[in-house]
Amino acid sequence: MTTPRLHAYFRRLVELKGSDLHLRAGKPASVRAHGEVDALSGEAPLDDRTLRDMLRELVDEVQWQTYVDSGDLDFAYEMTGTGRFRGNYLEQESGAGAVFRLVPENIIPIENLGLPPVVSTLADLESGLVLVTGPTGSGKSTTLASIIDLINRKHSRHIVTIEDPLEFVHQCKRSVISHREVGRDTGSFAAALKAALREDADVVLVGELRDLETIALAIEGASMGILVFGTLHTSSAAKTVDRVISAFPSEQQDQARVMFADSISAVVSQILCRKVGGGRVAAHEILIRTSGVVGAIREGKTSMVHSMMGAGRAHGMQIMDDALAALLAAGSIDVREAYMKAADKARFKQGAA
């Protein structure tokens, strides 16, 4: 069997310690490393026909037809000895395109991620909804994988993961783990989540809360005594609360607010910052369930959530600007980076000028 030509690009991505490979018809191949996207040296632009031929070598006929019909395809690909990749094929103005994200073969233990200590305690919850949020590429999947790994090491539970595509593959340790990939093992996140409620699941990881049905089922599962983890592309805990409630029709939002308040256990929002000396470091905003937080959400006083986090350090809570200030004080990031990522820019403005 002929070796797919894209393998050479995957090796270069790993050699450069990059996170993503970008391919576009009419452009040279590019790699994102340490947050910056740069063309690979010595690479000529890829013509559309050559790129399509290379992309076709990685997938089966059903997957290729999906791409041809819809202009999009999400899938996972494993290159033995090099790594796993989350692939996305797309159509764009100059022709075919693709992005491949490198997924670490080994799950990083939570102790090595530099997460705030309270995040590790989420693995000990028996029920509730835990949301990990942030922009694309902020490391949400890595954080969730490390939490699931900790549960797997500490507790004897049935864990069901639902992803599109499947990224991290956990080996059963103390827990029994069922991996389900949307499009291969199940029709949708909602269908798999609905089934998990009947599969004696103790823990369910939902790769993405994409739609109302999935969000509603995640809340329902948490209220039924399951520990549900999910992700959203929101930038703060307060915005996460608003995003979940606004997903429901207006006539259902009062009831949804009560159900969400009763089920939410924690929100971990994260962003990646440029690190002094190279690389990137994560900053985290953390909301932990307290009676005050529950009351504020129930009453629709989302604006109070931010101040509760700032005053909730005893519970492990923190706002993003405090996390940035701590990284700045430790010399991990410079003041310009803190200013660019901060919500209250006046706090960092003097040093950034």
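Attention in this report is confined to the structure presented alongside it. (Residues numbered from 1 in each chain as written. Predicted model: local features only at pLDDT ≥ 70, side-chain atom pairs only at ≥ 80, totals over all residues. Heavy atoms only, no water.)

## Describing the pattern of salt bridges
(1) Moving on: Summed over all chains, the structure comprises 26 salt bridges.
(2) Moving on: Close ionic contact of D48 with R52 constitutes a salt bridge, the shortest N to O distance being 2.8 Å. Of this pair, D48 and R52 both sit in helix α2 (residues 48-56), separated by four residues, roughly a single helical turn.
(3) Moving on: For R52, a relative accessible area of 16% gives the class buried.
(4) Moving on: The salt bridge involving D322 is made with R347; its shortest N-O contact spans 2.8 Å. (Salt bridge = Lys/Arg side-chain N within 4 Å of Asp/Glu carboxyl O. Helix = DSSP H or I, 4+ residues; strand = E, 2+ residues; numbered from the N terminus. Buried < 20%, exposed > 50% of the residue type's maximum accessible area, 1.4 Å probe, protein only.)

## Some remarks on the sheet that holds strand β1 (residues 20-24)
(1) Moving on: Ordered by their spatial adjacency, six strands build an open sheet running β3-β2-β1-β6-β5-β4, and the pairing between neighbours is antiparallel. The sheet is open, and its two edges are formed by β3 (36-39) and β4 (72-79), each paired on a single side. Direction aside, the axes of adjacent strands within the sheet are offset by 20 degrees on average.
(2) Moving on: Relative to β3, strand β2 (residues 30-33) runs antiparallel, the two sharing four bridges. Each bridged residue has a counterpart across the sheet, and for A33 the counterpart in β3 is E36.
(3) Moving on: Seen against the sheet, α2 touches β1, β5 (83-92) and β6 (95-103) and runs at an angle of roughly 40 degrees to β6. (Pairing = 2+ DSSP bridges. Axes fitted to C-alpha atoms, helices over the stretch in contact; angles between N-to-C directions. Contact = heavy atoms within 4.5 Å.)

## Some words on the side chain of D322
(1) Moving on: Note that D322 resides in helix α12 (residues 320-329).
(2) Moving on: Accessibility expressed as a relative area gives 17% for D322, which makes it buried.
(3) Moving on: Contacts of D322, omitting those with residues within four sequence positions, involve R313 and R347.

## Focus on the packing of aromatic side chains
(1) Moving on: In this structure the tally under the stated criterion is nine aromatic pairs.
(2) Moving on: For the ring pair F10 and Y77, a centre distance of 6.1 Å and an interplane angle of 45 degrees mean the geometry is tilted. Note that F10 is positioned in helix α1 (residues 6-15) and Y77 in strand β4, a separation of 67 residues in sequence.
(3) Moving on: By relative accessible area, which is 0% here, F10 ends up buried.
(4) Moving on: Overall, the relative accessible area of 15% leaves Y77 in the buried class.
(5) Moving on: Measuring from centroid to centroid gives 6.4 Å for W64 and Y89, while their planes differ by 75 degrees, and the two rings are edge-to-face. (Phe/Tyr/Trp six-rings, centres within 6.5 Å; stacked < 30°, edge-to-face > 60°.)

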